[in-house]
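Letter by letter, the chains look like this.
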Amino acid sequence: MTTPVTPDSTTTEDREPPVTMFGPDFPFAYDDYVSHPAGLGSVPAERLGTRVAIVGAGLAGTVAARELLRMGLEPVVYEAGRLGGRMHSVSFDGHPDIVAEMGAMRFPPSSTALFHYLDHLGIETTAFPNPLADATSSTVIDLKGTSHYARHLTDLPDEYAEVAQAWQKTLEEQSELVALQRAIRLRDVDAVKRIWNDLVVRLDDTTFYGFLVDSPHFASFARRELFGQVGFGTGGWDTDFPNSILEILRVVATAADDHHRGIVGGSTRLPAGLWSEQVEDAAHWPAGTSVESLHGGATRPGVTEIRRRGERYAVTDEAGATEEFDAVVVTAQSWMLLNTIDTDDDLLPIDHWTAVERTHYMGSTKVFVLVDRPFWKDVDPDTGRDLVSMTLTDRLSRGTYLLDHGDDRPGVICLSYTWSDDSLKLLPLSPDERLTLMLGSLEEIYPGVDFRSHIISDPVTLSWETERHFMGAFKANLPGHYRYQERLFSHFVQHDLDPRHRGIFLAGDDISWTAGWAEGAIQTALNAVWGVMNHLGGASHPDNPGPGDVYDRIAPIRLDDSNRPVPRS
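How each quantity is defined
Residues numbered from 1 in each chain as written. Predicted model: local features only at pLDDT ≥ 70, side-chain atom pairs only at ≥ 80, totals over all residues. Heavy atoms only, no water. Helix = DSSP H or I, 4+ residues; strand = E, 2+ residues; numbered from the N terminus. Expected span 1.5 Å × (residues − 1). Buried < 20%, exposed > 50% of the residue type's maximum accessible area, 1.4 Å probe, protein only. Contact = heavy atoms within 4.5 Å. Pairing = 2+ DSSP bridges. Patch = residues over 30% accessible without salt bridge, like charges linked within 9 Å, V, L, I, M, F, W, Y side chains within 5 Å. Areas by Shrake-Rupley, 256 points an atom, 1.4 Å probe, with all protein chains shown as cover. Salt bridge = Lys/Arg side-chain N within 4 Å of Asp/Glu carboxyl O. Lys, Arg positive; Asp, Glu negative; His and termini not counted. Charge placed at Lys NZ, Arg CZ, Asp CG, Glu CD. 1 Å grid on protein atoms, 1.4 Å probe; cavity = no way out; pocket = protein on both sides within 12 Å on 5 of 7 lines; lining within 4 Å. Points joined across faces, edges and corners; volume = space filled by probe spheres on them. Nonpolar A, V, L, I, M, F, W, Y, C, P; charged D, E, K, R; others polar. Axes fitted to C-alpha atoms, helices over the stretch in contact; angles between N-to-C directions.

**Q** A description of helix α6 (residues 189-203) should follow, citing residues and the corresponding values.
**A** Its 15 residues give α6 an end-to-end C-alpha distance of 21 Å, which sits within 8% of 21 Å, the value for a rise of 1.5 Å per residue. All of the buried residues in α6 are V189, A191, V192, K193, I195, W196, N197, L199, V200 and L203. Contacts made by the buried residues of α6 are with α4 (158-175), α5 (177-186), α7 (208-213), α9 (245-253), α15 (482-489) and α17 (551-554).

**Q** Account for the pairing of strand β7 (residues 146-150), naming residues and giving values.
**A** Pairing geometry for strand β6 (residues 139-143) and β7, over 5 bridges, is antiparallel. Residue pairing in the sheet places V140 in a bridge with Y149 of β7. Count of turn residues in the β6/β7 antiparallel hairpin: 2 residues, of which K144 carries a positive phi of about 55°.

**Q** Summarise a negative patch on the surface; cite the residues concerned and give the values.
**A** A cluster of acidic residues, D93, D432, E433 and D458, forms a negative patch at the surface. Tracing the backbone through its elements, the reader meets D458 in the loop between α14 (431-445) and β19 (460-463).

**Q** Lay out empty space enclosed by the protein in plain terms, naming residues and giving numbers.
**A** Rolled over the atoms, a probe as big as a water molecule pinpoints where empty space is left. The tally for this structure, following the rule as stated, stands at 5 cavities of 30 Å³ or more. Estimated volume of the largest cavity: approximately 90 Å³. What lines the largest cavity is simply M21, G23, D25, F26, F28, Y30, F489, S512, W513, T514 and Q523. Partitioned by chemical class, the residues of the lining of the largest cavity number 6 nonpolar, 4 polar and 1 charged.

**Q** Before we move on, could you go through unusual backbone geometry and cite the residues and values that matter?
**A** With an omega of 10°, the peptide bond running from G23 to P24 counts as cis. The residue P24 is located in the segment before α1 (30-35) in this model. The phi dihedral of R187 falls on the positive side, at around 55°, and the residue is not glycine. Along the chain, R187 falls in the loop between α5 and α6.

**Q** Give me the lowdown on the sheet that holds strand β12 (residues 327-330), citing residues and values where you can.
**A** Strands sit in the order β2-β1-β12-β21 across an open sheet of 4 strands; the sheet is parallel. Since the sheet does not close on itself, it has two edges, and those belong to β2 (74-78) and β21 (504-506), each with one partner. Neighbour to neighbour, the strand axes of the sheet diverge by 20° on average, direction disregarded. Where strand β1 (residues 51-55) meets β12, 4 bridges bridge the pair, whose relative direction is parallel. Within the sheet, the bridge partner assigned to V55 lies in β12 and is V330.

Next up, the structure:
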């Protein structure tokens, strides 16, 4: 349900800055950093033109490549699949301008570094039709065979408002969320660190479900069940119940699940734009140079092997070519370093390998169809309601989203958006079998609506856990995994590492604290850019210190074996 998370979420917005993804683990202003006129830094003149391997051409890879180009380096981008990674827009046959978002499809305005790049490239966004959002005409919640039609939360039975209030009160009482959000609004680093570090110490070993059970407001199992099925923001969260509560608190504290926007024309436009943009202000390179032009129009094939050779790295691709680089940025899902990319055991420190191995990914499946028009806006003559609504249900389809491209154009229905166990239920099924099941669910909820008569394309579907180069939709830490995430995120600051482990940098949203959000991919890409610059003897402009320059002051808390904070040297 789209409801205010905290009491001040509507009353303070006019008086104070908005909530952004400023931390909370690492409260660094990436939006100010990337937009600063002084730029991200420079490398010594003799290092200009140095080639840096980028493994993966998703959002993190294309951001890193674009910024390294601006710095006067030569990014060499390898990609095993498609440009864009999980920013994956698929067009329908005969309708190339209408897409299904198979990966990222909704983006919170709190992702301010993301919106910096969207605005820079002139890419338009539009309000996304989440349940009960202003952009959603109506929502149907269908649980245990009973459906409720609503335009606003107040149209639902009282128990739904009670669940929303129980969640709000639980957050206020058990996580200091009001104070934390205010500190994030004001970018008060000391306050953010004080509040969040205490939560990490207290809650690292707590599941999302355990957090609810500990709240007197969720003493009722029926209330916990309803919350799990309907949830907050974008819908039900019961598939996240086994995950660390810290993962959930990061989402709500940074407004990551609020006021979502969709990218007009598809999310792939952003990495594609970063790839093809003609950069006018790059060091070393002529004005108008793009990452694409440095590659002759196409990325290198996927990487099959990374080896350390003295102070350099040898990268071998699927075509069998091997080249050496002074630095490597790995933006692919980290599990690829365990199976599809052959690596030396000593490529990373052993504790970092353990962190990679323990990374927990969520599976996810989507099923889309193209329809002749947005027929869901037709008014049912018997009820006066929308013929079909955005739908949350405990049936197999779980979440159904209606994507309008205009009354005179075809529309797109995301028939089903499922996670984890619900995604696994669909895994062995063909696209047509998935379509039949989803239509069966919806026909039970909307008897008499002939969905099939409006479908004008074959279904488009994808399960991320079966994708060879992803093996999951995104990282979601389990309880006790904080230490692993701290190691992976902090990898870009390498002065404490043995020299044999320096020069290779991990990036991508699974390395970030906000996995599943494009902002996390961008933040870790910018970390890696700073790391490469520093590794090559460069430095930030004094007016625009980078994440590594201020790291020691605002670094994520480090825990010892007994969950006590470890002082940093």
